[in-house]
Amino acid sequence: MSDKRFLNGYDVVLEACEDAEATQMFGYPITPTTEILSGWINKSLQNKNLHCLQTEDEVAAGFAVCGAVMAGAKAFTATAGPGTVLMQDALSMAEGMRLPFVALIGQRGGPSSGTVIYSQQEVNLSIHGGNGEGMRIVLSPSNLEELYSLTRKVFNYAYKYRFPSILLTDGYLLKTRQSFSLPETKIENQKLLALVDETSQKNIRNIYTLEKELMSELEKNKQDFEEMSKEIVEFEIYSSDVAIDDVGNLVIAHGIVGAVAKEAVDELNKQNKKVALFRPVSLSPFPKDELNKLAQKIKNIFVCESSLGQLRDLVKQNLEYEVKISGIFKPAVGVEAEEIVDLVLSNK
Amino acid sequence: MKFKILLAGDGGQGVQTIAKIVSECFFAKNFEVISIPNYGLEQRGGVSLSFIQVSDKQIFYPKFAKADFLLLMSEQARERTSEHVSADTEIIDFKNYQEIILQNKISRSSLNIFFLGVVAKFLSEKKLISKDDIFVIFEKKLASKKNWEENKQVFEIGFLI
């Protein structure tokens, strides 16, 4: 019997949160993540072990997550756009205190309330939104299967490595309804360990008297983040029938644009154009080594995204070779496969 | 094979109900199907859209530029969907059904079910899915709701036109 089900993206996310053994959600309703909040409320009405609190705003929701995880609960929040902005204070505190903070972010058009469904303009905000050094895990799913598996991963990474972990998606993916199957390989949950043993005391600090003390703490955190990066960095290289060593042209896209770019690559390969897709799944940490391995042999990079260059800037920041970069940059607007095909074909 | 369907009407007209029934029907018949609503601020009088794609292969992206088939249920939906219409787009336009709707005294609350019947006829003529395929899902979704008998009749009227 087929285990395929016809589900919305947010149903898949909710199932992943439950399978991750999360017990508490704190949030404030905002499109396109409202269904995650209302869905968790429904779950909590049916299962007395699950709890949900709609707070007065996203500031309170963020700090409620900080408090809950310090008290030993597996908690999370979901937000979007201006809500992600308001949550930066709590995210920054979680980054400083190394709290296992899980946030599910549905990007919407900005600035401010902008548009309500779709964008890719919260990349910078998710990675670097706080007044720290951007030591956050940010994963970008491209389809329903990844919505599930990466939601499971953000929980596991948050609890294993103790950095804020963000699932960065959008309303297109959350509201998409499509067939979905659970992964064949069972995903184990990271064991929930108390931040502070009940028999001891620990001062988890978010403020320091001495500047050098803070600096040494940040250096240690940076070292931890870099060591962790080798283990969790994730990407996909896609090409239908061209040897990767021989591609010449690289399309770079993430999230749902990464999904549409596969259609474009298929079409371009059919037309004998040597092109592949490089899709960073982890935007932070960024798959720098893997990009540079490809970049040595690449003549052109085409960055395609629904923002004015937030992914392009990440690529530039990580690229160690001189490669011509152009692309499609459409803030808050989806990218069609035909546009990517036209861009690559028109490149001389 | 890939078939792209765009359903469009005013917020509250029941476009998303049609979309749910049609897309679940394709899923039940083992098609690859992907659907996405687009309803920004419809409670403030906007247009409600639903993009549905059906294929025998995996579909990566829920939106599309040009529709193969468009259902228009309101005047403001016409303007909103114009960018998705090509010379090849087949359109069911509410304007062409005004007289039948009046003659059969179809209520506003059943209008979407009338158009579900019209859509069922179109898709069965295309040999994509049959009337019975759609009726099974329609019944599963709405038989326990009020006005079921009226909705059943209205569906038949839409299909028989």
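One structure accompanies this document, and this report is about it. The residue numbers shown here count from 1 along each chain, following its written sequence. Lettering for chains starts from A, numbering for ligands starts from 1, and both go in the order in which the items are written. Local features in this predicted model are restricted to residues of pLDDT 70 or higher, and side-chain atom pairs are both shown and tallied only at a pLDDT of 80 or more, whereas totals for entire chains, interfaces and linings draw on every residue. Note that the side-chain values use all heavy atoms of the structure and ignore hydrogens as well as water.

Some details on the side chain of Asn347(A)
Residue and element names in this part refer to chain A. Only runs of H or I of at least four residues qualify as helices and only runs of E of at least two qualify as strands under DSSP, and these elements are numbered from the N terminus. Mapped onto the fold, Asn-347 is located in the segment after helix H13 (337-346). Taking relative accessible area as the criterion, Asn-347 reaches 17% and is therefore assigned buried. Polar side-chain contacts of Asn-347 include one of 3.4 Å to the side chain of Asn-300. Look past the residues within four positions of Asn-347 in its chain and what remains in contact with it is Asn-300, Phe-302 and Lys-324. Whether a residue is buried, partly exposed or exposed follows from its accessible area with a 1.4 Å probe, protein chains only, as a fraction of its type maximum: under 20%, in between, or over 50%, in that order. A 3.5 Å cut-off defines polar contacts: any pair of N or O atoms within that distance qualifies, except that in protein one atom must be a possible hydrogen donor and the other a possible acceptor, and neighbouring residues in sequence count only when both atoms are side-chain atoms. Note on contacts: a residue pair qualifies if any of its non-hydrogen atoms lie within 4.5 Å across the two residues.

Details of the side chain of Lys262(A)
Relative to the helices and strands, Lys262(A) resides in helix H10 (residues 255-270). A polar contact of 3.1 Å, which involves the side chain of Lys262(A), links it to the side chain of Glu236(A). Setting aside residues up to four positions removed in sequence, Lys262(A) forms contacts with Glu236(A), Tyr238(A), Leu277(A) and Phe60(B).

As for the environment of Gly327(A)
All names here are of chain A. Among the secondary structure elements, Gly-327 is positioned in strand E14 (residues 324-329). In the structure, Gly-327 is positioned 176 residues away from Thr-151 in sequence and 29 Å away in space, judged by C-alpha atoms. Ignoring anything within four residues of it in the chain, the contact list for Gly-327 reads Phe-302, Val-303 and Leu-343.

Brief notes about empty space enclosed by the protein
Method remark: on a 1 Å grid restricted to protein atoms, a set of points is classed as a cavity if a 1.4 Å probe fits but cannot get out and as a pocket if it is open with protein on both sides within 12 Å along at least five of seven lines; lining residues have an atom within 4 Å of a point. Grid points are joined across faces, edges and corners, and a volume is the space filled by probe spheres set on the points. Scanning all chains against the criterion turns up one cavity of 30 Å³ or more. The calculated volume of the largest cavity comes to roughly 40 Å³. Lining the largest cavity, in full, are Ser142(A), Asn143(A), Leu144(A), Leu173(A), Thr176(A), Gln178(A), Ile256(A), Ile34(B), Phe60(B) and Pro62(B). Among the residues forming the lining of the largest cavity, the class breakdown is six nonpolar, four polar and no charged. All amino acids are sorted into three groups, where Ala, Val, Leu, Ile, Met, Phe, Trp, Tyr, Cys and Pro are nonpolar, Asp, Glu, Lys and Arg are charged, and the leftover types, Gly among them, are polar.

Note that all results are geometric; they support no functional claim without further evidence.
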